[in-house]
4 protein chains.
Amino acid sequence: MVKIGIVGGTGYTGVELLRILASHPDADVRAITSRGEAGTRVVDMFPSLRGKYDALAFTAPDATDLTSCDVVFFATPHGVAMAQARALVSAGVRIIDLAADFRIRDVSVFEQWYKQKHACPDLLAESVYGLPEFHRERIRRARIVGNPGCYPTSMQLGFVPLLEAGVIDSAHLIADCKSGASGAGRKAEVGLLLAEASDNFKAYAVTGHRHHPETTQELQAHSKTPVSLVFTPHLLPMIRGILSTLYARITRPEVDLQALFEARYRGEPFVDVMPPGSAPDTRSVRASNVARIAVHRHGDTAMVIVVEDNLVKGAAGQAVQNMNLMFGLPETAGLTAAPVLP
Amino acid sequence: MVKIGIVGGTGYTGVELLRILASHPDADVRAITSRGEAGTRVVDMFPSLRGKYDALAFTAPDATDLTSCDVVFFATPHGVAMAQARALVSAGVRIIDLAADFRIRDVSVFEQWYKQKHACPDLLAESVYGLPEFHRERIRRARIVGNPGCYPTSMQLGFVPLLEAGVIDSAHLIADCKSGASGAGRKAEVGLLLAEASDNFKAYAVTGHRHHPETTQELQAHSKTPVSLVFTPHLLPMIRGILSTLYARITRPEVDLQALFEARYRGEPFVDVMPPGSAPDTRSVRASNVARIAVHRHGDTAMVIVVEDNLVKGAAGQAVQNMNLMFGLPETAGLTAAPVLP
Amino acid sequence: MVKIGIVGGTGYTGVELLRILASHPDADVRAITSRGEAGTRVVDMFPSLRGKYDALAFTAPDATDLTSCDVVFFATPHGVAMAQARALVSAGVRIIDLAADFRIRDVSVFEQWYKQKHACPDLLAESVYGLPEFHRERIRRARIVGNPGCYPTSMQLGFVPLLEAGVIDSAHLIADCKSGASGAGRKAEVGLLLAEASDNFKAYAVTGHRHHPETTQELQAHSKTPVSLVFTPHLLPMIRGILSTLYARITRPEVDLQALFEARYRGEPFVDVMPPGSAPDTRSVRASNVARIAVHRHGDTAMVIVVEDNLVKGAAGQAVQNMNLMFGLPETAGLTAAPVLP
Amino acid sequence: MVKIGIVGGTGYTGVELLRILASHPDADVRAITSRGEAGTRVVDMFPSLRGKYDALAFTAPDATDLTSCDVVFFATPHGVAMAQARALVSAGVRIIDLAADFRIRDVSVFEQWYKQKHACPDLLAESVYGLPEFHRERIRRARIVGNPGCYPTSMQLGFVPLLEAGVIDSAHLIADCKSGASGAGRKAEVGLLLAEASDNFKAYAVTGHRHHPETTQELQAHSKTPVSLVFTPHLLPMIRGILSTLYARITRPEVDLQALFEARYRGEPFVDVMPPGSAPDTRSVRASNVARIAVHRHGDTAMVIVVEDNLVKGAAGQAVQNMNLMFGLPETAGLTAAPVLP
């Protein structure tokens, strides 16, 4: 059993970790911290978990010794994980950060977008970007994993095969992305109220989104030519799910894109390349760690559709997938339940 | 033209007043105040109103002289209207309060439920409860109107004909009420987030809701026998609309309930008694001031369904209906647009 | 491994059975029939199941031999199961019917409400009503189980403890029930379109619903005094979930209702009596077989709230729970995943 | 008063025409036909219109003489208007077709996409494409107006200013469009059920949509260089609203795009160019005839966001705008109500 600590367990990624780990055969959640809810029983805050974590209560971060854990998940705002990373790593605890502290390689870029100084550039340097489909072996050995953002996961899964193969114009990528409202987190903001965001649709962060530098960095790592990306996030009137519609100009028209994707993801347990002509919907992956991909071509434009559950493959599920790799467990442990449809 | 001031224009009842008054032939909105948004143009906060109020900006309450208005609407939290009422009334300004300051006759009951001392019991005593279908003539002459709550409007429209006629057991009324999320106001609360409240349904305030004493007070005024009410509000995963399902034990089985309702509301422009066997849906009144009522009978139980738009007949529309009465305008002025369906 | 056949696998209860059984440790789905989709691969119709049932295709009912199955689920319209029951039972196959053929004891009542002659009254007589909380031992031995309707499950879980204890006026029960749209099935009807049923709320079947006689029959079986029920179903603008708000007049005010419910359901794996003062929401059981119950009292009125997922505890999950009992498996096998929240 | 006939009044564009015309000062709806609902009162089918059209009933197409009307709207499936056009036009009746019969100039293209022979190529030749912002003067004089499709309206409003000015690469236009479910019409299809399409998002018609040739034809008319368009429609889990996110490569970087759009649409009553940096949401135009546009630039890519209500500016509202032009009424008559928010 992997002894697990969760820092910041009251947000959506935190409760999603709890949901997934409740069915995980090798997970033992020992501690969960929350500054605001210390003393509250987990099941009193989340009655959906009654019967699953009846003995677990949130504890104050300062009063919680996490050094006896094997792994600590940070389901916190940006900046929390890097502040505690050194102490935990020194104690032999491995870290999976679901925020952005260990995603951006270039400290200055991190500091520009996240408006805070990085606490441990050396640990950042050794940390691994936790997208298993591209960094599986390094994740196995990592002490610190920076779990990818939800949008970046979808954009990378869709663009990387094309960039690796050098078949598109990397300087003019377009990602038109749509996310359910849970992607914004469990925080009280007027714009996310049901009465504001339901029966409504809009683009947002149209002048710049934090997932842009993260995505560009990772795409660039797979491309021999310079990457430039236009990324437009939109807010869907629903809870879970991301659908990214990706466009790129094809530079090598002779290549069979469908075959390219099928070859790239053959054997991947959580990436499903759909048959030609498909249009996957977000509910086909609801509450599941699977991403589904459809590849289309219109003249000299490649159009790739990627769907994922932003809280699972886009956050907590991918984090558990990383944990499985780090601890030598079957990569799919705890992640095998079928998507919830309808 | 009626010169209008709105205090507290950034909530849902405030913006709904603006929407309705934009099409009102005799309305001239002169001022709109907001403590938090002073200086902001109305159309910058609510782009839906671009082209309707381009010259109007929110002003600070303290810096706004409302005494030149004919009428001031208070679309504020409870307690604001009563603090300003005396000064306005003294200046000859009439008041329509969309909060609860002038709804509860018994000051001690008000103070118990709203946790504040009433600022002007004498003005409360002269104020009129603004449900035109029951108090039309008094509203015409009122200096201060307490605009009814959304749930209470629906419960009164459904129960009063039965109570007036003395055909039900008034001591065991049951109101199972369901409201869209806009009824909770435009305030940032986790429980009202799309990711919390959509694709979900629950009862709330199950141990007591502020609309209970208001409703009981008014129902009692129409009943010769003591009224006791069980009232269960529920939160619907949608924006607008209230549907109240009302149950009462019939004490005079010989009475034709359908005929009773049709007679009671004959000629009412905003109460529509549906044909026997009907099940009105909330969208049939969406964005409209109409309430629709269906009357059913199961053995010795009367079951009455009432639908209204909580922001219109349940708030801003009823307030405009009251204004029309107070200023001798056609009662339906500004309130004639057809409901929005689908 | 239990060898399983599913008749009529293209509706919501059918695909929900597939979803649940995909995670069941002892389930082997051997055959699934569909008149309309014979030849279609299951995963082509339901891409959410890709990777779970890749080798399974719908077969024509007439061309499918189900006699080698241990159990056959009927996820069909009413009338299909009774037509095939005798042949299957004779071959030693046990049957779980998710439609109404084996729910109503009185053949004439069945025929009145379902407008067809019952094909096998003798098998109906031996069949068992599949609500494990009340009929567990008989279900274990049953050859044919009539799986309860979704609304009736919720109403029985909430009313039966009160009726058994004789603490309410059984002649005036009120059930104000609200269901997500999946309860109406996966059939093309204008009234169930997103553009009709979302952002909307209504009562329906206000003059009589088929779940009324089923519920009355079962409630009566637990009551020493005559049962009469007013049942109002409503359509919620969401996919899954039933919330039933139940009202009854208390006849023995000295009884502690909370203690009564806790005692009645102690040890039940799928019935969760919430702490006093609770208001469970439907998402707290989403995609799970758990029903949660809260008990309230307003004067001499008992108010009980029951939530369940209509497709799980209200249909496919309860069917699997019944299968587990019938085959000596752990009652919770395949049914332990935590609810999906948010 | 304009004497109006509506053919096919039971779909969403039909009932939306009725809703809008109910508030139109110069509209007199004389007849409304429906093959399936002949004899049904309009208000019995659409209770939202009770009090607005109490005397109006659907009549059988064959039994309805529309020649005394001034104008007939066709809110029908494709193919109906062209079959009746000659008789009506000969009788001096003007026609506004909300279907596709008079949108596509090239008969062979029409016949390829709509799978039927065109009934009156000569009338097609004289008909006018009813987008007032581009064809106002010709619409005033038209006998037959082909009312634009919902998606094409949004794409044209966003692309035409750029094409007219010759500032983008017209050969590589990308339109990533998202529509509410009412765009698919009021027809019973499984894929449009609330239980299928809500809490879900997907692209559809990914291999070709009928609005593609219509849009290309019109865009080409405004472009000196050849137009090629990638158009991806998506289905939003909501009722009303289209948001189109348009991308194009800028060829003349020195041009101020914001100024270009403001100049192009100056004085237009129904096109609102938002301030720089804006992200209009669909609810800002809900139930209104206004389209709002925001212009952005990312490097050498222009990104234009257009929102409209697909049933108003995308269908019935634009049709009424056309009628106003054709009959010399104020262009905004009946179309001035503020959008419904929240």
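Residues numbered from 1 in each chain as written. Chains lettered and ligands numbered in written order. Predicted model: local features only at pLDDT ≥ 70, side-chain atom pairs only at ≥ 80, totals over all residues. Heavy atoms only, no water.

*Asks:* So what exactly am I meant to see when it comes to the sheet that holds strand β12 (residues 271–273) of chain A here?
*Replies:* All names here are of chain A. The 7 strands are arranged β9-β10-β8-β11-β14-β13-β12 in an open sheet whose pairing can be described as mixed. Two strands close off the open sheet at either side, each with one partner strand: β9 (202–203) and β12. Sheet topology note: the β12/strand β13 (residues 291–298) ladder contains 3 bridges and is parallel. By the bridge assignment for β13, Asp272 is matched with Arg292. Against the sheet, helix α10 (residues 257–265) makes contact with β12, β13 and β14 (301–308), and its axis sits at roughly 160° relative to β13, the strand it touches most. (Pairing = 2+ DSSP bridges. Helix = DSSP H or I, 4+ residues; strand = E, 2+ residues; numbered from the N terminus. Contact = heavy atoms within 4.5 Å. Axes fitted to C-alpha atoms, helices over the stretch in contact; angles between N-to-C directions.)

*Asks:* Sorry, what's going on with the interface of chain A and chain D here?
*Replies:* Many descriptions give the size of an interface as the accessible area lost when the pieces come together. Taken together, the 42 residues of chain A in the interface contact 42 residues of chain D. Each partner contributes to the roughly 3,500 Å² buried at the junction of chain A and chain D, and carbon and sulfur atoms together form 57% of this total. Looking at the side of chain A facing chain D, the largest losses of area belong to A:Asp199, A:Phe201 and A:Val206, adding up to 17% of the total buried there. Across the contact surface, chain A and chain D share 6 salt bridges. D:Asp176 serves as the salt-bridge partner of A:Lys178, at 2.8 Å between the closest nitrogen and oxygen. Run the count over chain A and chain D and you get 30 residue pairs in polar contact (both at pLDDT 80 or more). For the side of chain A that touches chain D, the residue count by class is 18 nonpolar, 12 polar and 12 charged. (Buried area = accessible area lost by both parts, 1.4 Å probe. Salt bridge = Lys/Arg side-chain N within 4 Å of Asp/Glu carboxyl O. Polar contact = N/O pair within 3.5 Å; in protein donor to acceptor, adjacent residues only side chain to side chain. Nonpolar A, V, L, I, M, F, W, Y, C, P; charged D, E, K, R; others polar.)

*Asks:* How do you make sense of the sheet that holds strand β3 (residues 58–59) of chain C when you look at a structure like this?
*Replies:* Strand pairing in a sheet is mediated by backbone hydrogen bonds. Such pairs are either parallel or antiparallel. All names here are of chain C. In space, the 7 strands of this open sheet follow the order β3-β2-β1-β4-β5-β7-β6, with parallel pairing throughout. Since the sheet does not close on itself, it has two edges, and those belong to β3 and β6 (128–129), each with one partner. Where strand β5 (residues 94–97) lies against strand β7 (residues 144–146), 3 bridges are found, and the strand directions are parallel. Looking at β7, one finds that Ile95 is bridged to Ile144. The sheet contacts of helix α3 (residues 80–90) involve β1 (2–7), β4 (71–74), β5 and β7, and relative to β4 the element is tilted by about 175°. Here helix α11 (residues 312–326) sits on the sheet and contacts β1, β4, β5 and β7; the angle it forms with β5, its principal contact strand, is near 160°.

*Asks:* It is not clear to me how the domain arrangement of chain A should be interpreted in this structure. Could you clarify?
*Replies:* All names here are of chain A. Partitioning chain A into structural domains gives domain 1 (2–126) and domain 2 (150–310). Domain 1 puts 15 residues into the contact, and the matching count from domain 2 is 13 residues. Taking both partners together, domain 1 and domain 2 bury about 1,200 Å²; carbon and sulfur atoms supply 54% of that area. Summed over the three residues of domain 1 that lose the most area to domain 2, namely Tyr12, Arg103 and Trp113, the buried surface amounts to 48% of that side. Summed over the shared surface of domain 1 and domain 2, the number is 2 salt bridges. (Domains from an automatic or database assignment.)

*Asks:* Help me out: how do you make sense of the packing of helix α1 (residues 12–22) of chain B against helix α11 (residues 312–326) of chain B in this one?
*Replies:* Think of two packed helices as two axes; the pair is described by the angle between the axes and how far apart they sit. Residue and element names in this part refer to chain B. Packing of α1 against α11 brings their axes to within 10 Å, and their N-to-C directions diverge by 50°. As judged from the angle between their axes, α1 and α11 are oblique. Crossing of α1 against α11: the hand is right-handed. Mapping the contact onto sequence places Thr13, Glu16, Leu17, Arg19, Ile20 and Leu21 in α1 and Val312, Ala315, Ala316, Gly317, Ala319, Val320 and Met323 in α11. Per-class residue counts for the contact of α1 with α11 are 9 nonpolar, 2 polar and 2 charged. (Parallel < 35°, antiparallel > 145°, perpendicular 65-115°, else oblique. Left-handed = near helix turned anticlockwise from the far one by under 90°.)

*Asks:* Can you help me understand the packing of aromatic side chains in this one?
*Replies:* The geometry of an aromatic ring pair is captured by the separation of the ring centres together with the interplanar angle, meaning the angle of the planes. Within the structure shown, the criterion is met by 15 aromatic pairs over all chains. With 6.5 Å between their ring centres and 45° between their planes, C:Phe134 and C:Tyr265 make a pair best called tilted. One end of the pair, C:Phe134, is in helix α6 (residues 132–141); the other, C:Tyr265, is in the loop between α10 (257–264) and β12 (271–273), and 131 residues separate them in sequence. Pair check on accessibility: C:Phe134 and C:Tyr265 agree, each one buried. Taken together, a centroid distance of 6.4 Å and an interplanar angle of 45° make the contact between C:Phe261 and C:Tyr265 tilted. The pair C:Phe261 / C:Tyr265 is uniform in exposure class, with both members buried. Among the aromatic residues, those joined into a cluster by ring pairs are B:Phe134, B:Phe261 and B:Tyr265. The aromatic ring of C:Phe327 is capped on one face by C:Arg94, whose charged end is 5.2 Å from the ring centroid. (Phe/Tyr/Trp six-rings, centres within 6.5 Å; stacked < 30°, edge-to-face > 60°. Buried < 20%, exposed > 50% of the residue type's maximum accessible area, 1.4 Å probe, protein only. Lys NZ or Arg CZ within 6 Å of the ring centre and 35° of its normal.)

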